[in-house]
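Results of the structural survey
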Amino acid sequence: MYAVGQGALAVECREEDSPTLDLLAAIAHPSTTIAAIAERALMRTLEGGCSAPVAVHTKVTEESLNLKGGVWSLDGTEQLVHSMSTPLKIKGEASSKEEPKAKVTKTSMTYCGIVPPCGMEQIMGRVHDLGKSLAQELLDQGAEKILQEAKAQNDAHTPATNPNMPPSKAVMEDVSKAVSSS
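Okay, so let's go over this structure. Just so we're clear, the structure is a prediction, and the values are computed from it rather than from any experiment.

The end-to-end C-alpha distance of helix α4 (residues 121-140), which contains 20 residues, comes to 28 Å, matching closely the 28 Å that a straight helix rising 1.5 Å per residue would cover. Turning to α4, its buried residues are Glu121, Ile123, Met124, Gly125, Arg126, Val127, His128, Leu130, Gly131, Leu134, Ala135 and Leu138. If you follow the buried residues of α4, they end up packed against α2 (30-46), β2 (64-72), β3 (79-87) and α5 (143-157). At the C-terminal side of α4, Gly142 shows a positive phi close to 115 degrees.

Attention now moves to the pairing of strand β1 (residues 54-60). Note that β1 and β2 share seven bridges and pair antiparallel. Each residue of the ladder has a partner; that of Lys59, found in β2, is Asn66. Linkage of β1 to β2, two consecutive antiparallel strands, is achieved through a turn of three residues.

Okay, the pattern of salt bridges next. One pass over the structure, following the stated rule, counts five salt bridges. Between Arg14 and Glu16 there is a salt bridge, with its nearest N and O atoms 3.8 Å apart. As far as the burial class goes, Arg14 and Glu16 line up, both exposed. Between Glu149 and Lys145 there is a salt bridge, with its nearest N and O atoms 3.3 Å apart. Of this pair, Glu149 and Lys145 both sit in helix α5, four residues apart, which is roughly one turn of that helix. Put simply, Arg14, Glu16 and Asp17 are held in one network by salt bridges that share partners.

The rules behind these values
Position numbers for residues count from 1 along each chain, tracking the sequence in the order it is written. A pLDDT threshold of at least 70 governs which residues receive local features in this predicted model, and a stricter bar of 80 or more applies before side-chain atom pairs are shown or counted, although totals over entire chains, interfaces and linings include all residues. Note that the side-chain values use all heavy atoms of the structure and ignore hydrogens as well as water. A run of H or I in DSSP counts as a helix once it spans at least four residues, and a run of E counts as a strand once it spans at least two, with each numbered from the N terminus. A helix's residues, less one, multiplied by 1.5 Å, set its expected span. We call a residue buried when its accessible area falls under 20% of the maximum for its residue type, exposed when it is over 50%, and partly exposed in between, using a 1.4 Å probe and counting protein chains only. Any two residues having at least one pair of non-hydrogen atoms within 4.5 Å are treated as being in contact. In this description, strands pair whenever DSSP reports at least two bridges between them. Salt bridges are defined as contacts in which a side-chain nitrogen from Lys or Arg sits within 4 Å of a carboxyl oxygen from Asp or Glu.

Below is the structure:
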């Protein structure tokens, strides 16, 4: 199992920028989009973030999406793992033929910040719901308690300063002294 969204790349674009959207459609990878939506729906429903002890394994085939998700305590003594799947093809479902641009813009949906490729809205809705359902199953099994304890432990070990802030003047002076004495 791996971190949610591991290996998926995204390109942001303005929704009304049709020429750029056309270029991006040529490099879009439907299986990666399917996996990313399901995984992100799971993480969003669990209310996890980048430091949450959550992992997934996603397998996309022509027929189905299989999603396995897990939550662990930070020391690894507690774990919850569950798997679910959903079909990607359903008899009688409309094919994924491209719709006119004006119609796509007006009806496009966003799933966890991802706009699905044209004509894949039904599939994307199903995989989004799968991620939410799997997360709910994990929550029903006790994942919320494990995640709250992990968050509390992470918060207790996190420095009060923001790691993305520039170092303070005192820290810079200490570093400068250490370098000059070397």
